[in-house]
2 protein chains.
Amino acid sequence: MSGKSRAETMEENRAKILSAARKTFAEKGFAAASMDELTADVGLTRGALYHNFGDKKGLLAAVVAQVDGEMAARALAIGVRHENEWDALLAEGIAYIELAQEPEVQRIVLLDGPAYLGDPSQWPSQDACLQLTERTLTRLIADGVVKPVDAGAAARLLTGAALNAASWVAASKDPATALPQAIESFEALATGLLAKR
Amino acid sequence: MSGKSRAETMEENRAKILSAARKTFAEKGFAAASMDELTADVGLTRGALYHNFGDKKGLLAAVVAQVDGEMAARALAIGVRHENEWDALLAEGIAYIELAQEPEVQRIVLLDGPAYLGDPSQWPSQDACLQLTERTLTRLIADGVVKPVDAGAAARLLTGAALNAASWVAASKDPATALPQAIESFEALATGLLAKR
DNA sequence: TGAGTTGACATACGCATCGTATGCGACTAT
DNA sequence: ATAGTCGCATACGATGCGTATGTCAACTCA
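Calculation notes
By convention here, each chain's residues receive numbers from 1 onward along its written sequence. Labels follow written order: the first chain is A, the first ligand is 1, and so on. Where totals are concerned, whole chains, interfaces and linings use all residues; where local detail is concerned, this predicted model gives features only for residues with pLDDT of at least 70, and gives and counts side-chain atom pairs only at 80 or more. Hydrogens and water are ignored here; the side-chain numbers use all heavy atoms of the structure. UniProt positions are given in the numbering used here, feature names are shortened, and annotations may be inferred rather than shown by experiment. A helix here means a DSSP run of H or I that spans at least four residues, while a strand means a run of E at least two residues long, and both kinds are numbered starting from the N terminus. The contact rule is simple, with two residues in contact once any of their heavy atoms fall within 4.5 Å. Note on terms: buried area is the combined drop in 1.4 Å-probe accessible area of two parts once they are placed together, counting the loss on both. Every case where a carboxyl oxygen of Asp or Glu lies within 4 Å of a side-chain nitrogen of Lys or Arg is listed as a salt bridge. Any pair of N or O atoms that falls within 3.5 Å is considered a polar contact. Within protein, one atom must be able to donate a hydrogen and the other to accept it, and sequence-neighbouring residues count only if both atoms are side-chain atoms. Here the copies are matched by least squares. The fit uses the C-alpha atoms of residues with pLDDT of at least 70 in both. Of the grid points, spaced at 1 Å and generated over the protein atoms alone, those admitting a 1.4 Å probe that cannot get out make up cavities, while open sets with protein on both sides within 12 Å along at least five of seven lines make up pockets; any residue with an atom within 4 Å of a point is treated as lining. Grid points are joined across faces, edges and corners, and a volume is the space filled by probe spheres set on the points. Each residue is assigned to one of three groups, with Ala, Val, Leu, Ile, Met, Phe, Trp, Tyr, Cys and Pro labelled nonpolar, Asp, Glu, Lys and Arg labelled charged, and all others, Gly among them, labelled polar.

### Side note on the UniProt feature "domain: HTH tetR-type" (unreviewed entry) in chain A
As annotated by UniProt and renumbered to match this structure, "domain: HTH tetR-type" (unreviewed entry) occupies residues 11-71 of chain A. The span residues 11-71 of chain A is 80% helix and 0% strand, and its two end C-alpha atoms sit 23 Å from each other.

Structure representation (structure tokens):
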């Protein structure tokens, strides 16, 4: 019983390519990544790639969805630990700033993703991070904690601020000191959404 | 005296290529833009391109600097009309949201620029928008109007929020109604930076 | 003023890469 | 057993980039 079913090896090869792409895209960027090299590194050819993902952009989309999903899951796990919904929102935002420090996220999700797949709000994966904060914001607005602004717009602004903060920290000369400064500013900005003072 | 000097035609050809690049990059994106076509459209060859701009990325950098500079100039002109520095900052931010609605800015400065040239804070042009708001913020912090946060971080967060808002509006189904919502949220967020309430 | 030099651009070449069309072996169903 | 399908490899054509080399006009200087 050592043989693998057809569907099993199929999934294995898909995963191999996805994993290799995730690494290569993060290191060299999407444009500079050669599909010949990438597939050869896992013992396959481009034939497998085009069969599984359609084309090069299809592979990027799959990688983005994976990384994006993991980030949302981690942020959610952090936010859920807070009883107060507002504190959870803040914690999630700060989590984004910290999670987006990884070169993988920086390069794939924040740089190449938008450039080749278009604006995140149009992605099939629908930017998991955005949806998460939008739902949280909607509840907070209903509870009167947050000003009655459009939740979609506020969510986009908030995550946009957080992710830009992450890029700023990652690109700064001294990330260790830049990170707390970014978080401080983020918290200050966020409090602007509060209804009561 | 109808003859043009060597330096004159040089500048003319540079401007021709730059103008064509600005249009093509905005319409088809950086990756899909063929340098053969682009130069042929203005009656030149790639030889002129590589002589004037070094390589394809060099051309993108020049275009980005131009568009970025124009945007900062327009935002500054708007902000300067306000006597109150804080109102000027808000007006500048809102101006970014509106100015960044143009497909040129969206595609070139916000998508392809970061992807191919790296984080804006590392650009030679040093993201004119960022510098502008950072200086304004520094003055406001010195005056005690804004909380004593790091001006660089806050500037990045603020412009990041504004530019993401612009992308959100541009990608939304109904930009006409999304724009005021984005501005409303932006103003709310910005007030979080105020020291006194 | 005329020969030499420089500079701006064109031409030509090699190399890499992508997408597709085609081929082949393994598995499956009847 | 055989025909058909599926997953992937191989082969091909088409672009596009960067560089090395060529060329001709403009500028310099004696």
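### Describing the UniProt feature "DNA-binding region" (unreviewed entry) in chain A
The positions UniProt marks with the feature "DNA-binding region" (unreviewed entry) are residues 34-53 of chain A. For residues 34-53 of chain A, the end-to-end C-alpha separation is 15 Å, with 75% helix and 0% strand making up the annotated structure.

### Quick word on the interface of chain A and chain B
With 40 residues of chain A at the contact, the number on the chain B side is 40 residues. Overall, the association of chain A and chain B removes approximately 3200 Å² of surface from exposure, summing both partners, and the carbon and sulfur fraction of that is 64%. When the area that chain A buries against chain B is broken down by residue, the three leading residues are L157, W168 and L189 of chain A, summing to 21%. For the pair chain A and chain B, the number of links is 0 salt bridges. Joining chain A to chain B, the criterion identifies 7 residue pairs in polar contact (both at pLDDT 80 or more). Breaking the side of chain A that touches chain B down by element, the ones donating at least two residues are α6 (103-117), α8 (151-171) and α9 (175-191) of chain A. With 14 residues, the single largest contributor to the side of chain A that touches chain B is α8 of chain A.

### Describing the relation of the copies chain A and chain B
Superposition of chain A onto chain B requires a rotation of 180° combined with a translation of 0.0 Å along the rotation axis, giving an RMSD of 0.1 Å. A rotation of that kind, with that shift, is consistent with a two-fold axis. In terms of proximity to the rotation axis, the leading residue of chain A is G192 of chain A, whose C-alpha is 1.7 Å off the axis. Comparing interface residues between copies, 100% of those in chain A also lie at the interface in chain B; the contact surface is shared.

### So, empty space enclosed by the protein
On inspection of all chains with the given rule, the structure shows 3 cavities of 30 Å³ or more. Looking at the largest cavity, its volume works out to about 580 Å³. Lining the largest cavity are 32 residues, with L110 and N164 of chain A together with L110, P114 and N164 of chain B positioned closest to its centre. Of all the secondary-structure elements, those providing two or more residues to the lining of the largest cavity are α4 (56-79), α6, α7 (128-142) and α8 of chain A together with α6 (103-117) and α8 (151-171) of chain B. Residue composition of the lining of the largest cavity, grouped by class: 17 nonpolar, 8 polar and 7 charged. Approximately 50 Å³ is the volume found for the second largest cavity. The wall of the second largest cavity is formed by L89, G93, Y96, T133, L158, T159, A162 and F186 of chain A. At the level of secondary structure, the elements contributing two or more residues to the lining of the second largest cavity comprise α5 (85-99) and α8 of chain A. Among the residues making up the lining of the second largest cavity, the classes are represented as 5 nonpolar, 3 polar and no charged.

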